[in-house]
Amino acid sequence: EANYEGSVSGTMMIAKAPQTITFNALAARTYGDETPYLLFASVSSGLTPSYMSSNPAVAVVNGNQVTTRGTGTTTMTAMQAGDRNHLPADPVPQVLTVKRGSAWVALGGLDSFYIYDGRPKRALVTTSPEGLNVSITYNGGSAAPADAGRYRVSATVRDPNYEGTASGMLTIKAASQEIQFPALKIRTVGEGPFDIPVFVSSGLAASCTSSDPSVATVTGNTVTITGPGTATITANQTGNRNYQSAEPVNRLLVVRSKQPHVVVFPIENLSGRPAPLNEIRQAVIEGLAHQGAAVLDDGEMQQFMARHRVRYTGGVDTVTAKAWKDEAGMEAVFIASLDQYEDSEVPKIALTCRLVTTGDTPYILWMENVDLSGDDSPGLFGVGLIDKITKLQEKAIRQVFASLATFYADKPAPDRGAVAGAFGPKASHENSFFASDRTYTVAVMPFYNRSKSSRAGEVLALRFVSQLVKNKAFQVMEPGVVRQKLLNYRMIMIDGPSKADMKSFFINLETDLIVVGRILDYEEGKVKMEFDVQVYGRNNSSAVWSSWSYSRGNEAVVVFDWKRVNSAGALASKMVQSIVQDITTR
């Protein structure tokens, strides 16, 4: 003031303003979610808040951005420490929950099925993310199953940060099993009990039964012989949880008598020439009686054959064979055919004989073919020549019964040795099928005959039957049974079988193999022969062997007619023997 003076001093205080934080509840997070997560807290002063996580194992915060590290809960605290003008705000906590993430779980190995092999079967597991720990249960148990069955598979993720499940069905199917049952050797009445050599691939025990207790009974795997005849021994294995039922295996048991009751059929004449059939048959009867057989009286035989209308004597069918046993008490039928008969300057004779069991299953016990010519062994200056058919006939009968005696004595047949290559097939083809450790059932069909000799087809078919019977790898169906089945089912084969024909044949004949063939040339005078043959297998009804053969009697001659074959029957035997040897040794 212009007229006055004076002063005063003091301090003015401005207090810091309070501030508050607004921090809303936090939404739960899922582990593995890569979406950025930001914290938003507001401060009344407008200052920037800071944040802190109470559990860094669950989540950490940088600025206001949260990174999850695991599942669980952590307290996120929003803070503002204040400044020159503002007081610190009261911290505001909010709980953040991090839930376990969802893992993708897939089970593998369940689309198909396993076959039982005794080892545990485990489901395959895939996860995303990879490598997660997963627990698997099978029908609620932790052990992987080995037994056949259907199992509910449950997979559960065992991880602190992820969860996930999957389920499915695991199937273990019962395994197949196979019975190995080798062919049974011929037995004789009076032999003691014997064990059946049956093996089952699964290791399970087989059970065996006999089709005819009057021939043999079976206890466990032990067979007791009760009488002569034939019986089918069947080996079964019904399976269990882990193995399917095995295909039954049948083996024919043949029991012969030491002194059999035999009926001798009238001899079938295939020679096409007049021949003393009754005389030859009488010699056969005397030979059987000499070896101890009881031969049925001719009168009884004729009455039986008239009663059953038996006209065909070249074989025996199942119905007639059973009747021979049941009605006449016969244990075997002696069947013979005269394949060649020449009463000339150089006589020739060919006989094919076989002994067939009676009963439900006719079985060829023994078979032999004898082919002789008067000049087979001429010797020095012809001293060994035989010029009388009667002497040659006697020699043939002696050879037949020498062979039969060897059979009944259980002695091995003389070794026939290898056939000269000249008599082997000129062309052949084989689809490898032959296994030396098994026995094949085989039917030989009537051969189609294109030659000028009217009965050549029957003669050659019998040669095949004979050679196959002599080989232990084959069990040959009696030709009379084959003939009857063909007639029953009206099966006709004009030239060669189609695949459809073969399927029908296998269905009706029920054998492993079928032999068919054609005679293209058969000349007894020139001793010349040509034929082709096919062997068909049951598995696919197709040929497993085919060959073409052509030969003459002088094919293997070295010098001075040495090794000449002098009859068509002998030539046929050598040619067929060569084929059978090739089939079984290749």
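Further up the page is the structure itself.
Residues numbered from 1 in each chain as written. Predicted model: local features only at pLDDT ≥ 70, side-chain atom pairs only at ≥ 80, totals over all residues. Heavy atoms only, no water.

Caption draft 1: Fine view of the overall build of the chain. Counting secondary structure elements, the chain contains 8 helices and 39 strands. Against the globule reference of 25 Å for 586 residues, the chain gives a C-alpha radius of gyration of 48 Å, more extended than a compact globule. Its C-alpha atoms give the chain principal-axis dimensions of about 195 × 55 × 45 Å. For the chain, with 586 residues in total, the buried portion stands at 46%. Taking the contacts inside the chain whose residues are at least 6 apart along the sequence as the reference set, 63% of them involve residues at least 24 apart. In the structure as shown, the chain presents an accessible area of about 30,200 Å², 49% of it carried by carbon and sulfur atoms. (Helix = DSSP H or I, 4+ residues; strand = E, 2+ residues; numbered from the N terminus. Rg over C-alpha atoms; globule rule 2.2 N^0.38 Å. Buried < 20%, exposed > 50% of the residue type's maximum accessible area, 1.4 Å probe, protein only. Contact = heavy atoms within 4.5 Å. Areas by Shrake-Rupley, 256 points an atom, 1.4 Å probe, with all protein chains shown as cover.)

Caption draft 2: The arrangement of helix H8 (residues 568-585) in detail. Spanning 18 residues, H8 covers 26 Å between terminal C-alpha atoms, matching the ideal 26 Å at 1.5 Å per step. Taken across its 18 residues, H8 has 14 buried, putting it largely inside the fold. (Expected span 1.5 Å × (residues − 1).)

Caption draft 3: Spotlight on unusual backbone geometry. Cis rather than trans, the peptide bond between Ser-128 and Pro-129 has omega equal to 5 degrees. With respect to the element layout, Pro-129 can be found in the loop between strand E13 (124-128) and strand E14 (134-138). Positioned with a positive phi, Glu-510 is a non-glycine residue whose angle comes to about 60 degrees. Along the chain, Glu-510 turns up in the loop between helix H7 (499-509) and strand E37 (513-523). Its relative accessible area of 57% is what places Glu-510 among the exposed residues. If you check the backbone angles, Val-527 has positive phi at about 50 degrees while not being a glycine. Its place among the elements puts Val-527 in the loop between E37 and strand E38 (528-537). Overall, Val-527 belongs to the buried group, its relative accessible area being 7%.

Caption draft 4: Geometry of the sheet that holds strand E26 (residues 249-256). With mixed pairing, 4 strands are arranged side by side in an open sheet as E19-E26-E25-E22. In the strand order of this sheet, the two ends are held by strand E19 (187-188) and strand E22 (207-210), each with one partner. Here strand E25 (residues 229-236) runs beside E26; their pairing, made up of 7 bridges, is antiparallel. Among the inter-strand pairings, Gly-229 is bridged to a residue of E26, identified as Val-255. (Pairing = 2+ DSSP bridges.)

Caption draft 5: Structural view of the nonpolar core. By size, the foremost hydrophobic cluster in this structure holds 59 residues, and its most contacted members are Trp-324, Phe-464 and Phe-474. Membership of the second largest hydrophobic core comes to 34 residues, among which are Ile-186, Val-262, Val-284 and Phe-334. (Core = buried A, V, L, I, M, F, W, Y, C linked by side-chain atoms within 4.5 Å.)

Caption draft 6: Local environment of the pairing of E25. Within E25, 6 of the 8 residues are buried, which leaves it mostly tucked inside the rest of the structure. The pairing of E22 with E25 spans 4 bridges and is antiparallel. Counterpart to Thr-209 in the pairing with E25 is Thr-234.

Caption draft 7: A look at the packing of aromatic side chains. For the structure on display, the rule yields 16 aromatic pairs. Aromatic side chains Tyr-31 and Tyr-162 sit 5.4 Å apart centroid to centroid with 85 degrees between the ring planes, which places their arrangement in the edge-to-face category. Within this pair, whereas Tyr-31 is found in the loop between strand E2 (29-30) and strand E3 (37-38), its partner Tyr-162 is found in strand E16 (residues 162-163), the two being separated by 131 residues in sequence. For Tyr-162, a relative accessible area of 15% translates into the label buried. These aromatic residues form a ring-pair network of at least three members: Phe-433, Phe-434, Tyr-440 and Phe-474. (Phe/Tyr/Trp six-rings, centres within 6.5 Å; stacked < 30°, edge-to-face > 60°.)

Caption draft 8: Geometry of helix H1 (residues 277-290). Look at H1: 20 Å from first C-alpha to last across 14 residues, which is about the 20 Å you get at 1.5 Å a residue. Listed in full, the buried residues belonging to H1 are Ile-280, Arg-281, Val-284, Ile-285, Gly-287 and Leu-288. Summarising the axial view, the buried residues of H1 lie within an arc of 160 degrees, below the 170-degree limit, and thus occupy one face. Pointing more than 90 degrees away from the buried face of H1 are the exposed residues Asn-278 and His-290. Where H1 is buried, its residues touch strand E27 (261-264), strand E29 (294-295), helix H2 (298-307), strand E30 (332-342), strand E31 (348-357) and helix H4 (389-408). Gly-292 sits one or two positions beyond H1 and adopts a positive phi of about 100 degrees. (Arc of directions from axis to C-beta.)

Caption draft 9: The arrangement of the pairing of E37 in detail. The element E37 is largely enclosed, with a buried count of 8 among its 11 residues. With 3 bridges connecting them, strand E34 (residues 440-444) and E37 associate as parallel partners. Across the sheet, residue Val-444 finds its bridge partner in E37, namely Val-515. With 2 bridges joining them, strand E35 (residues 448-449) and E37 adopt parallel strand pairing. By the bridge assignment, Tyr-448 is partnered in E37 with Arg-518. Summarising the sheet, E37 and E38 pair through 10 bridges and their orientation is antiparallel.

Caption draft 10: Fine view of the environment of Ala-336. Residue position: Ala-336 is located in strand E30. Taking the relative accessible area as the measure of exposure, Ala-336 reaches 3% and is therefore buried. Once the C-alpha coordinates of Ala-336 and Asp-501 are considered, the two residues, 165 residues apart in sequence, prove to be 30 Å apart. Ignoring any residue separated from it by four or fewer positions in sequence, one finds Ala-336 in contact with Pro-266, Ile-267, Glu-268, Thr-352 and Cys-353.

Caption draft 11: Broad picture of the sheet that holds strand E20 (residues 194-195). If you trace the 3 strands from one edge of the open sheet to the other, you get E20-E24-E23, paired in antiparallel fashion. Sheet topology places E20 and strand E23 (216-219) at the edges, where each strand pairs with a single neighbour. Pairing of E23 with strand E24 (residues 222-225), which is carried by 4 bridges, proceeds in the antiparallel orientation. Residue pairing across strands places Thr-217 opposite Thr-224, the latter belonging to E24.

Caption draft 12: Local environment of the pattern of salt bridges. Summed over all chains, the structure comprises 23 salt bridges. One salt bridge connects Glu-458 with Arg-455, and the closest N-O pair in it is separated by 2.4 Å. What makes Arg-455 partly exposed here is its relative accessible area of 25%. Through salt bridges that share partners, Asp-521, Glu-523, Lys-526 and Lys-528 make up one connected network. (Salt bridge = Lys/Arg side-chain N within 4 Å of Asp/Glu carboxyl O.)

Caption draft 13: Focus on the environment of Phe-423. Summarising the element assignment, Phe-423 is placed in the loop between H4 and strand E33 (427-430). You can call Phe-423 buried: its relative accessible area is 3%. Spatially, the C-alpha atoms of Phe-423 and Glu-555 are 7.3 Å apart, while their sequence positions differ by 132 residues.

Caption draft 14: Here's a closer look at the packing of H1 against H4. Contact geometry for H1 and H4: axes closest at 10 Å, N-to-C directions at 35 degrees. Along this stretch, H1 crosses H4, giving a crossing that reads as right-handed. Side by side, H1 and H4 meet where Glu-279, Ile-280, Ala-283, Val-284, Gly-287 and Leu-288 of the first sit next to Gln-393, Ile-397, Phe-401 and Leu-404 of the second. Looking at the contact of H1 with H4 residue by residue, the class counts come to 7 nonpolar, 2 polar and 1 charged. (Axes fitted to C-alpha atoms, helices over the stretch in contact; angles between N-to-C directions. Left-handed = near helix turned anticlockwise from the far one by under 90°. Nonpolar A, V, L, I, M, F, W, Y, C, P; charged D, E, K, R; others polar.)

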